[in-house]
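Okay, here's what each chain looks like letter by letter:
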Amino acid sequence: METNPINCPAEILEDEQIIEPVAFEFGLNRRVFVQMIGAGVLITASAKPALAQRSGRGSGGARPRNVSARIHIGKDGIVKVMTGKVEVGQGSRAELTQGAAEELRVLPSQIQLVMSDTGLVPDDGNTAGSRSTPATLPAIRQAAAAARSLLVAFAAQQWGVEQDTVQVRDGRVTHAATQRTLAYADLAQSDELAKLFNQPAPAEAPITPLQDWKVLGTSVPRPNGRDLVTGTHRFSSDIKRPDLLRGKILRAPSFGAKLVSIDLAPARAMKEVVVVQDGQFVGVAAPSTARAEEALDAIAKTAKWESAPHPSSQEVFAYLRDGVQGGLPKNPFADELSSANKVLRQTYHAAYVQHAPMETRSAVAEWRDGHLTVWTGTQNPFGYLGELTRTFRLPPERVRVIVPDTGGGFGGKHTGEAAVEAARLAQAANRPVSLKWTREEEFTWACFRPAALIEAEAALDVKGAIASWHFVNVNSGQSAINTPYRAGKARSESASPRAPLRHGSYRALASTANNFARECFMDELAAAAGADPLEFRLAHLENGRLRDVLEAAAKRFNWRERIKQKRPDMGVGLACGTEKGSYVAACAEIAFDRTQNKINVRHVCEVFECGAIINPDNLRAQVEGCIIMGLGPALREVSRFEGGKILNASFRGYQVPRFSDLPELDIHLLNRPDLPSVGGGETPIIAIAPAIGNAFFAATGIRLRSLPMVPPAAKA
Amino acid sequence: MPTITELRVNGNKVPLNTDAERSLLEVLREDLDLTGTKYGCGAGDCSACTVLVDGTPTRSCITSVGSVASKEITTIEALAKNGTLHPVQEAFLKENAFQCGYCIPGMIMGLVGLLDKKPVPTDAEILSRMDRHLCRCCGYPSIVKAIRRAAAQARS
Ligand code: FES
Ligand code: FES
């Protein structure tokens, strides 16, 4: 078994919707399905909802046609809605429940959302790229609306009345004129209805227009919130199975190191310990974690490794630059440069950082009669399923991946290593195995946010307008790489050298780095043009959504007054940006503490717009989370490495934001009921770092062009 | 190897037979199936694993079971009584103070421990307790609201 880290599927960096294609068909048979889900009527997913969004790029081959049941109305009246999406803290459980409740005319509490059990739910694609809101929510609403219209048609037919005289409210179908009424539970007893439901739902059932929304657009709380505050929700590492063993995996002492030899005898001699070696894969399982650790330590001592050269974090940017085949792309706008009034060229850096979700990667795997079931925390259940079928050469109907609501992902949990490792151990042990990565493993072996080296060059004409714009991202990808600002000529391009660390998407992908560089560079250009940073941006922005959020943020923050106030070591800065169809602008005030060489972010005003708001409280929480999470990579977070080892693989060495970092927050959600809803869990992170950098310049006259931004005195 | 044969957990005497050096976190989770207490770092850096030991918030990942053999341990599972949430849990629920929720049991136990001793804590006291608790979803603003709500309740 190959355990060398590979990068997360490359496409994820470019387009997160695309996951590894799995070229097979599978599904539990209907009888088994009904056993699991209970008696009642079932409606199948209509017209390939999630699949339509995947325009084929990179996904070659057919998507699996899995169990496609979408909605089940039980004889007890409980409505189960099936989705392949995952709850990782972004709030999709509430939002998707709202969508179903709205269309079925029931209370959210009457809906049970069954998420990400590949044995039960349709494949809604990877939970990433803020796709749950724009893609899955409409799919669920469509199916729910179809279910409603079938119920209406059926009731109307039973009563011999016209369909448009039948109303649906609170889970009941009513004919007012004759005062007849039927609850969903009653309808679900009907075998005839069951037959009707067993056909794919009509796709054209009308969904509720926004002006009639009763549940969507409101702050419906997390349906399983009570389980979270009582500790009764079982995350994947909390899953208990009979005869469960705990696993541990032998990790290489450094990146790229190869195992040459190992003596397994010391562990084999231990009672109740299972030891597995399969190529480079070595792991143990034992009745307790402590015992497994002991066994692993005993054999790790005997391991001989062959190490591989690896650059240090100090030299990583030179390494990346040198790794670009044929060198960095040249600025194609030579004429504009030579005729320019002013030319500015700057280099920006963003360090490797970790997602560090609070729940480390974990999985429980169980084999029974040649079937494999895993419980694991992932954003990509069907992708995992594919990984498992390939690794264990199993037909897909023999693998089931269940994803309990997961303790954070932030774009970092796309690959299935913990599940594969647990499954391999469980196979050898012939008992279920629970595997939980340690924090150190998580900081070392999980995907990193890619480091970025960014070169920006622009020419200004005599009027201070951008005549040409050239922007090159090395290593971190294309998200939000294109400038939203008007420029006479513009080219933005990216180069992918060989990366020294395994990287994957971070919250908002490369756009954190691209937007940081662009928005800092815009500030530098404004200064070169002798213009105010706000006015300079506005002068280069067409009317539209980005301009709207920028103006709104500036107004709320009182930018035009505050930029004039000169106070020692205090300053204000702003930044804006767009990604994945949503728009953000932030103004920040910082104070520079010279004695501690520390940037204190005192006040952040952020305006965010992502179309019609589905759940205001949840969206606000996402925006708050993004801003505060963004403070980490902006100011402190960096994975340091040398000799192939991570030097700060702990929360002590790698300082994430805490309560004491909380700035005063003024968040405004700009609702656009006239526009389709898109996700809000990512883009709000992209404006905070450049706003802070620009504020630091206003305070000190010093430009900080590297993430994390460490003021110069501390650099030595 | 020294072993331990009994723990006092959530008001019960629980018989067990295990190595006294194992961490309290591991024993609670693996031997007693009290999985509400979470592993976040195993090194005392995040407080996700906070439980009460004789009423004091304690990081169970860096506490050996042997060292708490004669003490009363309280975990998140014991807070709600007969289906009624503890006021601190209620406050977190009311404020929707969770995103993924993984850090929440530790946060709640830390705050319960503080409010039990100091029903009217100062802001500085709250910060010095809660600043040890990490939330990677960075849901701190709503957690702050929940803390305020819980503290106000404890006062009244
Ligand atoms: S798990 Fe105990 S402090 Fe982090
Ligand atoms: S809510 Fe996710 S870590 Fe706190």
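Calculation notes
Residues numbered from 1 in each chain as written. Chains lettered and ligands numbered in written order. Predicted model: local features only at pLDDT ≥ 70, side-chain atom pairs only at ≥ 80, totals over all residues. Heavy atoms only, no water. Helix = DSSP H or I, 4+ residues; strand = E, 2+ residues; numbered from the N terminus. Rg over C-alpha atoms; globule rule 2.2 N^0.38 Å. Buried < 20%, exposed > 50% of the residue type's maximum accessible area, 1.4 Å probe, protein only. Contact = heavy atoms within 4.5 Å. Areas by Shrake-Rupley, 256 points an atom, 1.4 Å probe, with all protein chains shown as cover. Lys, Arg positive; Asp, Glu negative; His and termini not counted. Charge placed at Lys NZ, Arg CZ, Asp CG, Glu CD. Domains from an automatic or database assignment. Buried area = accessible area lost by both parts, 1.4 Å probe. Salt bridge = Lys/Arg side-chain N within 4 Å of Asp/Glu carboxyl O. Polar contact = N/O pair within 3.5 Å; in protein donor to acceptor, adjacent residues only side chain to side chain. Nonpolar A, V, L, I, M, F, W, Y, C, P; charged D, E, K, R; others polar. Axes fitted to C-alpha atoms, helices over the stretch in contact; angles between N-to-C directions. Parallel < 35°, antiparallel > 145°, perpendicular 65-115°, else oblique. Left-handed = near helix turned anticlockwise from the far one by under 90°. Pairing = 2+ DSSP bridges. 1 Å grid on protein atoms, 1.4 Å probe; cavity = no way out; pocket = protein on both sides within 12 Å on 5 of 7 lines; lining within 4 Å. Points joined across faces, edges and corners; volume = space filled by probe spheres on them. Expected span 1.5 Å × (residues − 1).

Draft legend 1. Inspection of the overall build of chain B at higher detail. Looking only at helices and strands, one finds five helices and five strands in chain B. Order of helices (α) and strands (β) in chain B, N terminus to C terminus: β-β-α-β-β-β-α-α-α-α. Whereas a compact globule of 156 residues would reach a radius of gyration of roughly 15 Å, chain B reaches 15 Å, a difference of no more than 12%. Over its C-alpha atoms, taken along the principal directions, chain B stretches across nearly 45 × 30 × 25 Å. Buried positions account for 61% of the 156 residues belonging to chain B. Across chain B, the fraction of contacts at a sequence separation of at least 24, relative to all contacts at a separation of at least 6, is 56%. Accessible surface computed for chain B: about 6000 Å², of which carbon and sulfur atoms make up 50%. Positive and negative side-chain charges of chain B, numbering 18 and 17 respectively, have mean locations separated by a distance of 7 Å.

Draft legend 2. Focus on the domain arrangement of chain B. Residue and element names in this part refer to chain B. Taken as a whole, chain B is organised into domain 1 (3-78) and domain 2 (87-155). Taking only C-alpha atoms into account, the centre of domain 1 sits 21 Å from that of domain 2. Summing the contributions of domain 1 and of domain 2, the shared interface buries around 1200 Å²; its carbon and sulfur component is 61%. On the surface where domain 1 and domain 2 come into contact, there are zero salt bridges. Across the domain 1-domain 2 interface, the total number found is four residue pairs in polar contact (both at pLDDT 80 or more).

Draft legend 3. Quick peek at the interface of chain A and chain B. Taken together, the contact between chain A and chain B spans 53 residues of the former and 49 residues of the latter. Each partner contributes to the roughly 4200 Å² buried at the junction of chain A and chain B, and carbon and sulfur atoms together form 58% of this total. Its largest share of buried area at the contact with chain B, chain A owes to Val229(A), Met358(A) and Phe659(A), together 21% of the area lost on that side. Between Arg246(A) and Glu30(B) there is a salt bridge whose closest N-O contact spans 3.8 Å. At the boundary of chain A and chain B, one finds 24 residue pairs in polar contact (both at pLDDT 80 or more). Elements represented by at least two residues in the side of chain A that touches chain B include exactly helix H8 (225-230), helix H10 (289-300) and helix H20 (616-635) of chain A. Top element by residues in the side of chain A that touches chain B is H20(A). It accounts for six residues. Class assignment for the residues of the side of chain A that touches chain B results in 21 nonpolar, 19 polar and 13 charged.

Draft legend 4. How the structure looks around the packing of H20(A) against helix H21 (residues 688-700) of chain A. Residue and element names in this part refer to chain A. Remark: H20 packs on H21, axes separated minimally by 8 Å, with the N-to-C direction vectors making an angle of 55°. As the angle between them shows, H20 and H21 are arranged oblique. Every pair of crossing elements has a handedness; the one defined by H20 and H21 is right-handed. Contacts between H20 and H21 pair Ile627, Gly630, Leu631, Ala634 and Leu635 from the former with Ile688, Ala689 and Ile692 from the latter.

Draft legend 5. Here's a closer look at the side chain of Ser476(A). For Ser476(A), the position within the fold is in the loop between strand S21 (466-474) and strand S22 (489-495). In this structure Ser476(A) comes out as buried when scored by relative accessible area, which is 3%.

Draft legend 6. Molecular detail of the domain arrangement of chain A. All names here are of chain A. With domains assigned, chain A is organised as domain 1 (67-230), domain 2 (236-307 + 361-436) and domain 3 (452-714). With centres defined by C-alpha atoms, the gap from domain 1 to domain 2 works out at 38 Å. Aspartate 405 is paired through a salt bridge with arginine 93; the nearest N and O atoms lie 2.7 Å apart. For the pair domain 1 and domain 2, the interface holds seven residue pairs in polar contact (both at pLDDT 80 or more).

Draft legend 7. Spatial organisation of the sheet that holds S21(A). Residue and element names in this part refer to chain A. Strands sit in the order S22-S21-S20-S13-S29 across an open sheet of five strands; the sheet is mixed. One side of each edge strand has no neighbouring strand; the edge strands of this open sheet are S22 and strand S29 (706-707). Sitting on the sheet, helix H16 (residues 511-528) touches strand S13 (342-350), strand S20 (452-460), S21 and S29, and the angle it makes with S13 is about 150°.

Draft legend 8. Summary view of the packing of helix H2 (residues 87-94) of chain B against helix H5 (residues 140-155) of chain B. Residues and elements named next belong to chain B. Orientation of H2 relative to H5, taken along the N-to-C sense of each, is 140°, at an axis distance of 8 Å. Between H2 and H5, the interaxial angle falls into the category oblique. The interaxial crossing formed by H2 with H5 has right-handed handedness. Residues Pro87, Val88, Ala91, Phe92 and Lys94 of H2 form the contact with H5, whose own contacting residues are Ile143, Ala146, Arg149, Ala150 and Gln153. Here the residues of the contact of H2 with H5 are counted per class, giving seven nonpolar, one polar and two charged.

Draft legend 9. Layout of the layout of surface pockets. All names here are of chain A. For the largest pocket, the calculated volume is near 920 Å³. For the largest pocket, the lining is made up of 35 residues, of which Leu635, Arg636, Val638, Pro708 and Val710 are closest to its centre. Taken together, the elements giving at least two residues each to the lining of the largest pocket come down to helix H11 (316-322), S13, strand S25 (598-609), H20 and S29. The element that contributes the greatest number of residues to the lining of the largest pocket is S25, accounting for four residues. Across the lining of the largest pocket, the residue classes break down as 20 nonpolar, ten polar and five charged.

Draft legend 10. Spotlight on the pattern of salt bridges. The full count for this structure, using the stated rule, is 51 salt bridges over all chains. The residue Arg361(A) makes a salt bridge to Glu442(A) at a minimum N-O spacing of 2.3 Å. Of this pair, Arg361(A) sits in the loop between strand S14 (353-354) and strand S15 (362-368) while Glu442(A) sits in helix H15 (residues 439-445); the two residues are 81 residues apart in sequence, bridging distant segments of the chain. Comparing Arg361(A) with Glu442(A) shows no difference in burial state: the two are buried. Within the structure, one salt-bridge network assembled from shared partners comprises Arg246(A), Arg22(B), Glu26(B), Glu30(B) and Asp31(B).

Draft legend 11. Layout of H20(A). In this model H20(A) runs 29 Å from its N-terminal to its C-terminal C-alpha over 20 residues, within 8% of the 28 Å that 1.5 Å per residue would give. Buried residues dominate H20(A), accounting for 17 of its 20 residues.

Draft legend 12. Molecular detail of the environment of Ala318(A). Here Ala318(A) shows up in helix H11. The partly exposed category is assigned to Ala318(A), whose relative accessible area is 43%.

Draft legend 13. How the structure looks around empty space enclosed by the protein. All names here are of chain A. Counting across every chain of the model gives six cavities of 30 Å³ or more. In this structure, the second largest cavity occupies an estimated 80 Å³ of space. Together, eleven residues line the second largest cavity, and Arg449, Thr512, Gly630, Pro633 and Ala689 are the ones closest to its centre. If you list the elements that add at least two residues to the lining of the second largest cavity, you get H20 and H21. Sorting elements by how many residues they give to the lining of the second largest cavity places H20 first, with three residues. Taken together, the residues of the lining of the second largest cavity break down into eight nonpolar, two polar and one charged.

Draft legend 14. Broad picture of the side chain of Ser434(A). Relative to the helices and strands, Ser434(A) is located in strand S18 (residues 433-436). Once residues within four sequence positions are removed from consideration, Ser434(A) is found in contact with Ser237(A), Leu244(A), Leu245(A), Arg246(A), Gly247(A), Ala363(A) and Val364(A).

Draft legend 15. Summary view of the sheet that holds strand S6 (residues 172-175) of chain A. Residues and elements named next belong to chain A. If you trace the three strands from one edge of the open sheet to the other, you get S5-S6-S7, paired in antiparallel fashion. Edge positions in the open sheet fall to strand S5 (166-169) and strand S7 (180-183), since each of these has one partner strand only. When strand polarity is set aside, the average angle formed by the axes of neighbouring strands in this sheet is 20°. The pairing of S5 with S6 spans four bridges and is antiparallel. Among the inter-strand pairings, glutamine 167 is bridged to a residue of S6, identified as threonine 174.

Draft legend 16. Summary view of the pairing of S6(A). Residue and element names in this part refer to chain A. Side chains of S6 alternate between two faces, with Val173 and His175 buried and Arg172 and Thr174 left unburied. Here S5 hands over to S6 after two residues, with aspartate 170 in that stretch at a positive phi of 50°. Relative to S7, S6 runs antiparallel, the two sharing four bridges. The partner of valine 173 across the bridge, within S7, is leucine 182. The loop that links S6 with its antiparallel partner S7 comprises four residues; one of these, glutamine 179, has a positive phi angle of about 55°.

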